[in-house]
Amino acid sequence: MDFSNLEQSALQLNALYEKLETKTYGRVWTTQELALGFMGDVGDLAKLVQAHAGVRNIDDCKARLGHELSDCLWSIMVLANKCGIDLEAEFVRNTREIAAHVSRELER
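Residues numbered from 1 in each chain as written. Predicted model: local features only at pLDDT ≥ 70, side-chain atom pairs only at ≥ 80, totals over all residues. Heavy atoms only, no water.

Caption draft 1: Examining the overall build of the protein chain more closely. Broken down by element type, the protein chain carries four helices and zero strands. Reading the protein chain from its N terminus to its C terminus gives the helix and strand order α-α-α-α. Taken against the 2.2 N^0.38 rule, which gives 13 Å for 108 residues, the C-alpha radius of gyration of the protein chain at 17 Å runs more than 25% over that of a compact globule. With the C-alpha coordinates of the protein chain rotated into their principal frame, the extents come out at 60 × 40 × 25 Å. Counting the 108 residues in the protein chain, one finds 20% classified as buried. (Helix = DSSP H or I, 4+ residues; strand = E, 2+ residues; numbered from the N terminus. Rg over C-alpha atoms; globule rule 2.2 N^0.38 Å. Buried < 20%, exposed > 50% of the residue type's maximum accessible area, 1.4 Å probe, protein only.)

Right, dumping it as structure tokens:
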């Protein structure tokens, strides 16, 4: 699946969540609330990375790690969309700039 398809899948899931949020709370989550949810996912991710490294004991760590990484990617894609950021273009630009910087540093 290419980036565009991943993004569409993330946004379709977000649309379902927004229907559930409206049904449950009478409104959809704000970008601030989505960001707070993402922060919670990142905390869970950090614990699972520790478990994967053998520092914590978490059952079914690898499967849960994959799930949490996917949750974090979903959050990033949805937040980027809601903030009007072309995440694919930014990722390409940013990684090129960082690669150029690191390459210059290696040449020193």
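Caption draft 2: Geometry of the packing of helix H1 (residues 3–25) against helix H3 (residues 61–82). Interhelical geometry of H1 versus H3 gives an angle of 85° and a closest axis separation of 9 Å. Accordingly, the angle class assigned to the pair H1 and H3 is roughly perpendicular. Touching Phe3, Leu6, Glu7, Ala10, Leu11, Leu13, Asn14, Tyr17 and Glu18 of H1 are Trp74, Met77, Val78, Asn81 and Lys82, all from H3. Across the contact of H1 with H3, the residue classes tally to nine nonpolar, two polar and three charged. (Axes fitted to C-alpha atoms, helices over the stretch in contact; angles between N-to-C directions. Parallel < 35°, antiparallel > 145°, perpendicular 65-115°, else oblique. Contact = heavy atoms within 4.5 Å. Nonpolar A, V, L, I, M, F, W, Y, C, P; charged D, E, K, R; others polar.)

Caption draft 3: Examining a nonpolar patch on the surface more closely. A contiguous nonpolar surface patch, about 380 Å² in accessible area, is contributed by Leu13, Leu16, Tyr17 and Leu20. Within the secondary structure, Leu13 is located in helix H1. For Leu13, a relative accessible area of 35% translates into the label partly exposed. (Patch = residues over 30% accessible without salt bridge, like charges linked within 9 Å, V, L, I, M, F, W, Y side chains within 5 Å. Areas by Shrake-Rupley, 256 points an atom, 1.4 Å probe, with all protein chains shown as cover. Salt bridge = Lys/Arg side-chain N within 4 Å of Asp/Glu carboxyl O.)

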